[in-house]
Amino acid sequence: MKFTSMTVGEIAVAYPDATDIFTKYGIDYCCGGRRNFTEAARSHGLDPERVEREIIDHEKSAGRLNDKLNNFSIPQIIDHILQYHHAYVREKRMVLSPLAKRVAAVHGRRHPELVEVAQLTENLFDELERHMQKEEEVLFPAVLALVSHEEKGTPLPRTRFDSVAQPIAVMERDHTQTGGELFDLQRMTGDFTVPEEGCVSYRELYDGLREMQANTFEHVHLENNILFPRALELERTIRQERTSGF
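Residues numbered from 1 in each chain as written. Predicted model: local features only at pLDDT ≥ 70, side-chain atom pairs only at ≥ 80, totals over all residues. Heavy atoms only, no water.

Draft legend 1. Focus on the overall build of the chain. Counting its secondary structure elements, the chain contains eight helices and zero strands. When the elements of the chain are put in sequence order from the N terminus, they spell out α-α-α-α-α-α-α-α. Overall, the chain is about 70 × 45 × 30 Å in size when its C-alpha atoms are taken along their principal axes. Across the 246 residues that make up the chain, the buried fraction comes to 48%. (Helix = DSSP H or I, 4+ residues; strand = E, 2+ residues; numbered from the N terminus. Buried < 20%, exposed > 50% of the residue type's maximum accessible area, 1.4 Å probe, protein only.)

Written out as structure tokens, the structure is:
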């Protein structure tokens, strides 16, 4: 087996389409990305060797052995997060929050879980908005300042923290909380399964929530497993250069 000593997150970076397989089996590759692959597979009652073969076969058939995001610069990754993930959340909130309330009002008597779904959906969007603001106002500017210092020699600005490791730790805690709530939402809705009598709005809500979960997991994976390690490594390099007098 190739994956025996690898974490789930490392596999998701090396084999980008592995996320499809992880999602299929409910293996957390973003917030739980540091977990050993073999341990994660077995905890879901899966044969690690069979899952590994499935990932490799799927990657070959998908034809994306190297995700272009792995080759993006740090500024390109941040721009992608802002344009593809942050903008997505703000756009979807305008649709899904009122839709969840409307579906709960119509179907809540027969399906009381919809009231909780509507509340959790609203809470998730509140949390994601606060999280994105912290990234946009604190973490991303600090990381981009490191890039500018390394490439152009621009002075590093004063910050409220000694290392980007501190805001990164906050972001990772946010990710863990949001990921857990998304899994709660998935369980609460029976894996986003619409009952037979569900109307068009009911279906639109569950399809939208499933899509939001996938987008958020991609967002967390990109940060936890690609952006954050690269930012920390860049900061270490800069400190070593300063210490050595370069």
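Draft legend 2. Structural detail: the nonpolar core. The biggest cluster of nonpolar side chains holds 48 residues, and the ones touching the most others in it are I11, F22, I55 and L209. Where this core is concerned, the elements lending two or more residues are α1 (8-14), α2 (18-25), α3 (37-43), α4 (48-62), α5 (74-107), α6 (113-152), α7 (165-188) and α8 (200-244). A total of eight residues in this core trace back to one element, the largest contributor, which is α6. Once residues within four sequence positions are removed from consideration, I55 is found in contact with F3, I11, Y15, A18, I21, F22 and F37. (Core = buried A, V, L, I, M, F, W, Y, C linked by side-chain atoms within 4.5 Å. Contact = heavy atoms within 4.5 Å.)

Draft legend 3. View of the packing of α5 against α6. Two elements in contact, α5 and α6, have axes separated by 9 Å at closest approach and are oriented at 165°. As judged from the angle between their axes, α5 and α6 are roughly antiparallel. Between α5 and α6 lies a crossing whose hand is left-handed. Of the residues contributing to the contact of α5 with α6, the split by class is 20 nonpolar, five polar and nine charged. (Axes fitted to C-alpha atoms, helices over the stretch in contact; angles between N-to-C directions. Parallel < 35°, antiparallel > 145°, perpendicular 65-115°, else oblique. Left-handed = near helix turned anticlockwise from the far one by under 90°. Nonpolar A, V, L, I, M, F, W, Y, C, P; charged D, E, K, R; others polar.)

Draft legend 4. Summary view of unusual backbone geometry. Residues other than glycine seldom take positive phi values, yet D191 does so here, at roughly 60°. Mapping D191 onto the fold places it in the loop between α7 and α8. The backbone of F192 shows a phi angle near 60°, a positive value even though the residue is not glycine. Of note, F192 is situated in the loop between α7 and α8. The buried category is assigned to F192, whose relative accessible area is 3%.

Draft legend 5. Geometry of α2. Along α2, the positions that sit buried rather than exposed are A18, T19, I21, F22 and Y25. Taken down its axis, α2 places every buried residue within 160° of arc, on the same side. Downstream of α2 by one or two residues, G26 has phi in the positive range, about 75°. (Arc of directions from axis to C-beta.)

Draft legend 6. Spotlight on the confidence of the model for the chain. Here the chain averages 89 in pLDDT, while 95% of its residues score no lower than 70. At the low end of the mean pLDDT range in the chain sits α4, at 80; at the high end sits α6, at 96. (pLDDT = per-residue confidence, 0-100.)

Draft legend 7. Up close: the pattern of salt bridges. Going through the model one piece at a time under the given rule, you end up with 16 salt bridges. As a salt-bridge pair, E129 and R90 come within 3.0 Å of each other at their nearest N and O atoms. Remark: R90 occurs in helix α5 and E129 occurs in helix α6; sequence separation between them is 39 residues. Measuring nitrogen to oxygen at the nearest pair gives 3.1 Å for the salt bridge that ties D207 to R210. Note that D207 and R210 are positioned in helix α8 at a spacing of three residues, about one turn of the helix. With a relative accessible area of 40%, D207 lands in the partly exposed category. Note on R210: relative accessible area 35%, which makes it partly exposed. A single network of salt bridges, built from pairs that share partners, joins K24, R50 and E54. (Salt bridge = Lys/Arg side-chain N within 4 Å of Asp/Glu carboxyl O.)

Draft legend 8. Focus on α7. End to end, α7 covers 34 Å across 24 residues, agreeing with the expected 34 Å (1.5 Å per residue, within 8%). Residue G190 follows α7 closely and has a positive phi angle near 60°. (Expected span 1.5 Å × (residues − 1).)

Draft legend 9. How the structure looks around the environment of I78. Mapped onto the secondary structure, I78 falls in helix α5. Excluding residues that lie within four positions of it along the chain, I78 makes contacts with F140, V143, L144 and L227.

Draft legend 10. Structural view of the environment of L146. Tracing the backbone shows L146 in helix α6. Its relative accessible area of 6% is what places L146 among the buried residues. Taking the C-alpha atoms as reference points, L146 and L114, separated by 32 residues in sequence, lie 45 Å from one another. Residues contacting L146, with those up to four places away along its chain left out, are L156, V164, A231, L234, E235 and I238.

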